[in-house]
Amino acid sequence: MYDTEKRIELVKKRMHEYHRRQERRTVCRLSVLCTLLFLSLVGTMGMMQSQPIDITGMYGTILLHEDAGGYVLVAVISFTVAVVITALCIKFKKKRTKESRRRRSCIKERKGGSMKKKCFKKTVSWALSIVMSATMAVTPVLADTFTDGSQLIVSEDAGEETPAATISDAEDEGMMEPEHTFEIEDNCEDSGRTGFSSENEASGFSDDSVLAAQTEEKAAVYLDPSSGNDGNTGESAKSAVNTLSKAVELAQGGDIFLLDCVEVDSDIKLSNVTFRPGKSNMSGMLYISRGKVTLENIIINNKTPDGKSCQFSNYPIEVTGRLATLTIADGTEIGPFPGNSCIIVSHDSTVNLNGGKILGDKQNTVEYGGGIYAEHATVNVNGGTISGHSATYGGGIFSSYSNIKINGGTISDNQSIRGSGIYAINDSNVSLKGGSIIHNKSGQGAGVYLSISKLFINGESCQITQNTVTTEPSPKDMRGEGGGIYLIYSEAEIESGTINKNTAIAAAPDENGNIQGGLGGAISAKYSRVTIKGDTKIRNNSAGNRGGAIYTEGTNNDSSLLNIEGGTISGNHVNGSGAGIFAICSRGNKHNMDVNISGGTITNNYSGTGENEEENAIVLMGWDPNLTEDTGFADLHLSDSPVITGSVTLSDDNNYGPRIYVGKSLQLSDKHILVTPTYGKADLIAVEYENDSAAESFESQFYSNGMSKLVRDGKYLKWALVKPKVQVSADKEKGCPSSKNCFNGKGNACA
């Protein structure tokens, strides 16, 4: 028989063996249960792949087999977590058992062990219940999260995605939509850890990696406003969504491919996406009929999914209706659209360019308005850039019956036959208060072209600079007129700003010596009214033929008027004549071409080249094949206190010529005005005062040199020939006289 101590030891061994057998049974049961559940899930997935399943979820939704991918995934993960928790609990209990005090009595150990075992079982039971309850509660929510609303099943074998068919489609068509496959981009750094982490013994699911992968998948969304459905995934043309808001939601900053023109009729702000045509032929991309639409950090270009250019039958972006406003903000880039204007704005609508870029490709030419085409509309340019466009009329902006307001921004590097920066016709109003029109090139009006329109420049920061008009490739179309501004049947009021370093290039003389183009480096105005005042600066412009700064022309029934009330015209150059101003009346009557100067400064303007260069302020001229007493010439009207240096040339005929009309308020500085004629025929009137006394008092305000001089006759100053005096002196060396002519015209010395 055993003694008491051995009995106790024997009981302990038996109890230990009993606990080990119980643990092994528990583990075996759990293993069998896991295996059965796994096989059940695999079988269920196989059934779902072969046929649709109609299941009512806990939220009353109908689930098809495409929807089940997320649920199966969450179920497997939840069950795995539950098993791991159970294993950890068993391990913890085993460790606690080993640490039990061996010296405690058998009865106490039995009682304590029994109590601990009961507590442990209860704890495990409660833990499993809580885990399974939580799993059942959050499974639908997590499934929706993992599928991101797209509800895709990913086939591991094929690496393909199958978009779920929507209920509405199924009901309408009576069948499921065919499956469409797409390639899945693998952007994971470690393919062995896609979606899972093995940092600990127990695997954990990584939400961030899945969301990142889904963001890549949603980088391209197809939008078809005609036949799309917002229940679709949007990942192909056949699964396109229907509304702009849904496309933006799914794109998550990626590309939106438009399969048809999208109409916007409400207030909306679009940001951080790219709009591209989804096919090679479309009518347009955005049609804004009402509402305030803002584009911020938006890219809209012409590249289709295969990288080719789309052909548009209308305009890519159209804004129309008095209730429609498009605002382009910073970070937005529109274009290029080869062969199309980027934006048309019409019917009392408005476009605000506050930032961003409207770009062209400098190659493909449109007829009207490469950047913006405005008709019966308003365009406000407060910032941003319109650049790189090529058009027949209006490289940057074309305006008809519209208001163009430039308060900032840049219109640059555009080209056209007429109006590379801005082309305005048909009672348009162009207001320049800021911004730059720079580096544009055309045949007429490289900076601004106006026909039957009005121009207002009133902003010190406004610059029209470094624009060029040329006669190439053909003077027939490219006329080389108005490097900065060209006007015909229009009005311009320039109160401030800078017109600087613009160029009018002339063609080479033809066989008869005629030169085409090269008219008006800064401004060319035909049959128009131009007023310059305030602090306007017209500097450093050049022309190849006439009017280094300004060329102006009037004719019968189409008069021109140039008013200079202030400002500065200086540093301009012309190869021909009229470095500061060239004015001509062509086939006109008296006062069809008047130049009124009451203020401002005209200085340091030079004509000619090389040794023939001289300071020239103004040239006045008239032309008619049949000159009569009534033939009109360009006339100069002087009053108040202008400053004029350099010659004022009266390009006269033998019998007729231009005149200078002097108002009684004329007060000149110490620098009087040099007047030079072309012929200076005797008794031809050059200057006319209001009355005899005025002529007598102020005749010294003008002087001349050369073969003719000015003499007073009543209220007129007329030309009179200078009679040379012959001075005879002996030549001491040769013993014979020599002669030297001396002209007594004022300002001359003997020659």
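Residues numbered from 1 in each chain as written. Predicted model: local features only at pLDDT ≥ 70, side-chain atom pairs only at ≥ 80, totals over all residues. Heavy atoms only, no water.

Caption draft 1: Representation of the pairing of strand S56 (residues 614–623) within the structure. With 7 of its 10 residues buried, S56 lies for the most part within the structure. Relative to S56, strand S52 (residues 581–586) runs parallel, the two being bridged by 6 bridges. Along S56, the bridge assignment pairs Ile584 with Met621. Two strands pair when backbone bridges link them, and strand S55 (residues 606–607) and S56 are joined in this way by 2 bridges, in the antiparallel orientation. The residue of S56 that forms the bridge with Ser607 is Glu614. What sits between S55 and S56 in their antiparallel hairpin is a turn of 6 residues, with Gly608 showing a positive phi close to 85°. Bridging between S56 and strand S59 (residues 647–651) involves 5 bridges; their strand directions are parallel. The partner of Leu620 across the bridge, within S59, is Leu650. (Buried < 20%, exposed > 50% of the residue type's maximum accessible area, 1.4 Å probe, protein only. Helix = DSSP H or I, 4+ residues; strand = E, 2+ residues; numbered from the N terminus. Pairing = 2+ DSSP bridges.)

Caption draft 2: Up close: the side chain of Thr325. Among the structural elements, Thr325 can be located in strand S18 (residues 324–328). In this view, Thr325 contacts Gly291, Lys292, Val293, Val319, Thr350 and Asn352; residues no more than four positions away in its chain are not counted. (Contact = heavy atoms within 4.5 Å.)

Caption draft 3: Here's a closer look at the nonpolar core. Formed by 106 residues in total, the largest nonpolar core has its most connected members in Ile343, Leu432, Ile485 and Phe702. The leading source of residues in this core is helix H6 (residues 244–251), at 4 residues. The residues touching Ile485, leaving out its near neighbours within four places in the chain, are Gly445, Val448, Leu450, Leu455, Ile457, Ile464, Ile494, Ile499, Ala522, Ile523 and Ser524. Listed in part, the 9 residues of the second largest apolar core include Phe398, Ile425, Tyr486 and Ile488. (Core = buried A, V, L, I, M, F, W, Y, C linked by side-chain atoms within 4.5 Å.)

Caption draft 4: The packing of aromatic side chains, seen in detail. A full pass over the atoms with the stated rule returns 14 aromatic pairs. Ring centres of Tyr315 and Tyr373 lie 6.0 Å apart, and the angle between their planes is 45°; on these two criteria the pair is classed as tilted. Here Tyr315, found in the loop between strand S16 (311–312) and strand S17 (317–320), pairs with Tyr373, found in strand S24 (residues 372–375); they are 58 residues apart in sequence, far enough to count as distant. Between Phe398 and Tyr423, the ring centres sit 5.5 Å apart and the planes meet at 15°, which makes this aromatic pair stacked. (Phe/Tyr/Trp six-rings, centres within 6.5 Å; stacked < 30°, edge-to-face > 60°.)

Caption draft 5: Structural context of the environment of Arg418. By secondary structure assignment, the location of Arg418 is in strand S31 (residues 415–418). In the structure, Arg418 is positioned 31 residues away from Tyr449 in sequence and 6.7 Å away in space, judged by C-alpha atoms. For Arg418, the contacting residues outside a window of four places in its chain are Thr392, Tyr393, Gly394, Tyr423, Ser442, Gln444, Tyr449 and Arg479.

Caption draft 6: Main features of H6. Residues of H6 that are buried: Leu244, Ala247, Leu250 and Ala251. One side of H6 carries all its buried residues, which in axial view fall inside an arc of 130°. Relative to its buried face, H6 has exposed residues pointing more than 90 degrees away, namely Ser245 and Glu249. Contacts made by the buried residues of H6 are with strand S7 (220–223), strand S8 (255–258), strand S9 (262–264), strand S10 (268–271) and strand S11 (274–277). Just downstream of H6, Gln252 is the residue with a positive phi angle, here 50°. (Arc of directions from axis to C-beta.)

Caption draft 7: Just the pattern of salt bridges, in detail. Within the structure shown, the criterion is met by 10 salt bridges. Where Lys715 meets Glu688, a salt bridge forms, and the shortest distance between an N and an O atom there is 3.6 Å. One end of the pair, Lys715, is in the loop between strand S64 (708–713) and strand S65 (716–721); the other, Glu688, is in strand S62 (residues 685–688), with 27 residues separating them in the sequence. Close ionic contact of Asp713 with Lys718 constitutes a salt bridge, the shortest N to O distance being 2.9 Å. (Salt bridge = Lys/Arg side-chain N within 4 Å of Asp/Glu carboxyl O.)

Caption draft 8: Geometry of unusual backbone geometry. Backbone torsion omega between Gly335 and Pro336 reads 0°, so that peptide bond is classified as cis. Tracing the backbone through its elements, the reader meets Pro336 in the loop between strand S19 (333–334) and strand S20 (343–346). A cis amide bond links Glu472 to the next residue, Pro473, at an omega of 10°. By the secondary structure assignment, Pro473 is in the loop between strand S39 (468–469) and strand S40 (485–488). We note that His347 has phi near 55°; this positive angle belongs to a residue other than glycine. Unlike most non-glycine residues, Lys501 shows phi in positive territory, near 55°. Its location among the elements puts Lys501 in the loop between strand S42 (498–500) and strand S43 (503–504).

Distances and angles like these do not, on their own, reveal function.
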